[in-house]
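Structural overview
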Amino acid sequence: MTLFLIVVHTRLLLHTSPLWRDEVNSVYVATAPSLKEFLNSLVLDPFPILFVAVLRIWVGLGFGSSDFDLRVLGFLIGTALLGAIWVSCRMIDKERWAPLWPLALFAFSPATLFEGDSLRAYGLGLIWIVMSFGLVWRLTFRPWRLGTAIAAAIVGLLAVQSLYLNSLILFATCFAGILVSLRRRQWWPAVVILSVGLIAALSLLPYAWIMRSAYEHLALQSEPRTISGEIPSLISSQLFSRSSVMLVCILVFSCGLITVSVPRLRQSLFASIKGGGDPLLFAVIVVLVGAIMTFGFLLGSGLHSSRYRRPLMAATSLSIHVAYTTRRKNIGLTLANLIGSGLTAAAFVPGSYHLSELRRTNCDLAAGVVAKSAGQDDLVIVTRFTHAPTFQRYYHGMAPWTSVPAVGDHLQHRGYLARAEMMNPDAIQDILLRIESKLKARHKVFLVGRFRLSELHQLPPVAIAPQSGRAWRPDDYLNLWHSQIVNLLSQHAVRVAKIALNGTEQVDAREKEEVFVFSGWKD
């Protein structure tokens, strides 16, 4: 499993793709020219300071001159996560420490691979939360050592300084360690574990003003979800088909059904659970408390991307490993564990291998084509302002360009930047007038985005967005503005052509662009 994952991480590096908008955002924050600009940018960046500090050091060492140099950092973090899994599992149990389930259920997941190697904080944060699990385990079940306590405090600090959501999983892990220590009447380990959690929590106090400022921005990224819709995303990603996820669920259900149906296996299972004792209790508490806190926060905030559940999935897979190590030596259960983890990993192989050659954006190709084709009197329009940061990074043409809507800058892409335009019923009127002016002057208009020009859209009515609450829906307004532009061009442009992009790789649908050029005017 580990060798295959190293191959996949290597393929991800060798099939270097340009940075997509989230990664462009990270590079901008990390290379901000002043401390004030750096701190202000953190409000729109959903991470604490650690990763961008590491990225800033990486660029400062001279490794930021190309996309490949930047991707090397992602590769190092992604492969280091594999090492963290092995080390943490060795801390849990030296005799049976092969991390079958953490690798199969967590590391093999396409979502973990995609986020772990990206220029975002997820990979770095996952390393520290995995290590925190193992260190808190050692504080709970091994003879107390000062070195272990110091390491746990440092790693816990690094975990919450990488990802805010790591604080929820670290709380669950520390809570489990404290309860089990108290149950075992080991007071000193409980105090040490409590101190580890408090140090991590206190380190987040400087971010209080950032969190307050960012809260209102969540309304522009939230989307109502239910628990039934959240659970599959623990091991899936919107990038990939859910067939692999369904297969994993069927395999897990089948293994459980066989285990409770066959009398000998059922007796062995119950005996192992009874003999699991405190280690199994630790694992159950981590999963239950971590799930309640993670799902509670995400459902309350409206955030739903699978990346936000990666810390919980890491802790869950490690907890399954703990349950495995508590089982008595039984050839039947050992064989079932090997087969189950192997089949689970195999279910993820197609998606993981596909990911290793997936282009995360083709916006660089679109920018290059437009730069060659557009003259200085033409107009270029990027139809979604959230894609503008990527376009700006790779566009070096003479023609002026704008996004829809025309926000203040294109260094970050959060929905909050377009809130003023959402409250304006004529938000893109200036862009429509510029299009009309260019076409009447016999110049060209280039659209960068995805379109269906064969359809004439009837403009739907839309209410002005409220200034607070959870009614913000940026996509509704982006679709409205898209319809207005396409209708204008469909009715009045004389000629339209699609410009082919010179790329054969599959592209992530989240930032897959097309380029159309319009010319001429008819009334």
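Values in this document were obtained by computation on a predicted structure and should not be read as measured data.

1. Concerning a positive patch on the surface
- Taken together, the side chains of R90, K94, R142 and R145 make up a positively charged region of the molecular surface.
- With respect to the helices and strands, the residue R145 is situated in the loop between α8 (122-141) and α9 (146-160).
- Its relative accessible area of 56% is what places R145 among the exposed residues.

2. A few points about the pattern of salt bridges
- The full count for this structure, using the stated rule, is 13 salt bridges.
- The salt bridge partner of E511 is R21, with a shortest N-O separation of 3.1 Å. Linking E511 in the loop between β4 (495-499) and β5 (514-519) with R21 in helix α2 (residues 21-30), this pair joins segments that are 490 residues apart in sequence. We note that E511, like R21, is buried.
- For R393, the salt bridge identified is with D67, shortest N-O distance 3.0 Å. Of this pair, R393 sits in helix α19 (residues 388-394) while D67 is found in helix α5 (residues 67-92), placing the two residues 326 residues apart along the sequence.
- For D67, a relative accessible area of 16% gives the class buried.
- Connected through salt bridges with shared partners, the residues E23, R71 and R360 form a single ionic network.

3. Focus on the nonpolar core
- One finds F282 and V380 to be the most contacted residues of the largest nonpolar core, which totals 119 residues.
- With 13 residues, α8 is the single largest residue contributor to this core.
- With near-sequence residues (within four places) excluded, V380 lies in contact with V370, A374, F391, Y395, A399, P400, W401, T402, F446 and V448.
- Ranked by size, the runner-up nonpolar core spans 28 residues in total, among them A418, M422, A427 and L488.

4. Observations concerning the sheet that holds β4
- Read from one edge of the open sheet, 5 strands run β2-β1-β3-β5-β4, paired in mixed fashion. This sheet does not close on itself; its edge strands, each paired only once, are β2 (401-403) and β4. On average, each strand axis in the sheet is tilted by 20° relative to the strand beside it, whichever way the strands run.
- In this structure, strand β1 (residues 379-382) lies alongside β2, joined through 3 bridges in parallel fashion. Looking at the pairing, V382 lines up with S403 of β2.
- On top of the sheet, helix α21 (residues 429-440) reaches β1, β2, β3 (445-449) and β5; it is set at about 145° to β1, its chief contact.

5. Comments concerning the side chain of R138
- Within the secondary structure, R138 sits in helix α8.
- Among buried Asp, Glu, Lys and Arg side chains, R138 stands out as unpaired, with D93 the closest opposite charge at 9.3 Å.
- Dropping the residues within four chain positions of it, R138 is found in contact with M91, K94 and T148.

6. Some thoughts on the packing of aromatic side chains
- Inspection of every chain in the model, using the stated rule, returns 14 aromatic pairs.
- Ring geometry for W137 versus F141: centroids 4.2 Å apart, planes at 40°, classification tilted. Of the two residues, W137 and F141 are both situated in helix α8; the distance of 4 residues between them amounts to about one turn of the helix. F141 shares its class with W137; the two are buried.
- An aromatic cluster of three or more residues is present, and its members are F133, W137, F141 and F282.
- Between the NZ or CZ atom of R360 and the centre of the ring of F114, over which it lies, the distance is 4.5 Å.

7. Considering the packing of α8 against helix α11 (residues 187-202)
- At their nearest, the axes of α8 and α11 sit 9 Å apart, and the two run at 160° to each other. In terms of their interaxial angle, α8 and α11 are classed as roughly antiparallel. Seen along the crossing, α8 lies across α11 with a hand that is right-handed. Here V136, L139 and T140 of α8 come into contact with α11, specifically with P189, V192, I193 and V196.
- Residues of the contact of α8 with α11, tallied by class, amount to 6 nonpolar, 1 polar and no charged.

8. Observations regarding the pairing of β3
- Most of β3 sits out of view: 5 of its 5 residues are buried.
- Alternating residues of β3 divide into V445, L447 and G449 and F446 and V448, and every residue in both groups is buried.
- When β3 meets β5, the two strands line up antiparallel, connected through 5 bridges. Pairing of V445 across the sheet is with F518, part of β5.

9. What about a nonpolar patch on the surface?
- There is a patch of nonpolar side chains on the surface, built from W144, L146, I150, I154, W188 and V191 and spanning about 600 Å² of accessible area.
- Elements supplying a minimum of two residues to the nonpolar patch: α9 and α11.
- Mapped onto the fold, L146 is located in helix α9.

10. A closer look at helix α4 (residues 50-63)
- Taken as a whole, α4 has its buried residues at L50, F51, V52, L55 and W58.
- Of the surrounding secondary structure, the elements contacted by the buried residues of α4 are α2, α3 (35-42), α5, α8 and α9.

About the cut-offs
Residues numbered from 1 in each chain as written. Predicted model: local features only at pLDDT ≥ 70, side-chain atom pairs only at ≥ 80, totals over all residues. Heavy atoms only, no water. Patch = residues over 30% accessible without salt bridge, like charges linked within 9 Å, V, L, I, M, F, W, Y side chains within 5 Å. Areas by Shrake-Rupley, 256 points an atom, 1.4 Å probe, with all protein chains shown as cover. Salt bridge = Lys/Arg side-chain N within 4 Å of Asp/Glu carboxyl O. Lys, Arg positive; Asp, Glu negative; His and termini not counted. Charge placed at Lys NZ, Arg CZ, Asp CG, Glu CD. Helix = DSSP H or I, 4+ residues; strand = E, 2+ residues; numbered from the N terminus. Buried < 20%, exposed > 50% of the residue type's maximum accessible area, 1.4 Å probe, protein only. Core = buried A, V, L, I, M, F, W, Y, C linked by side-chain atoms within 4.5 Å. Contact = heavy atoms within 4.5 Å. Pairing = 2+ DSSP bridges. Axes fitted to C-alpha atoms, helices over the stretch in contact; angles between N-to-C directions. Phe/Tyr/Trp six-rings, centres within 6.5 Å; stacked < 30°, edge-to-face > 60°. Lys NZ or Arg CZ within 6 Å of the ring centre and 35° of its normal. Parallel < 35°, antiparallel > 145°, perpendicular 65-115°, else oblique. Left-handed = near helix turned anticlockwise from the far one by under 90°. Nonpolar A, V, L, I, M, F, W, Y, C, P; charged D, E, K, R; others polar.

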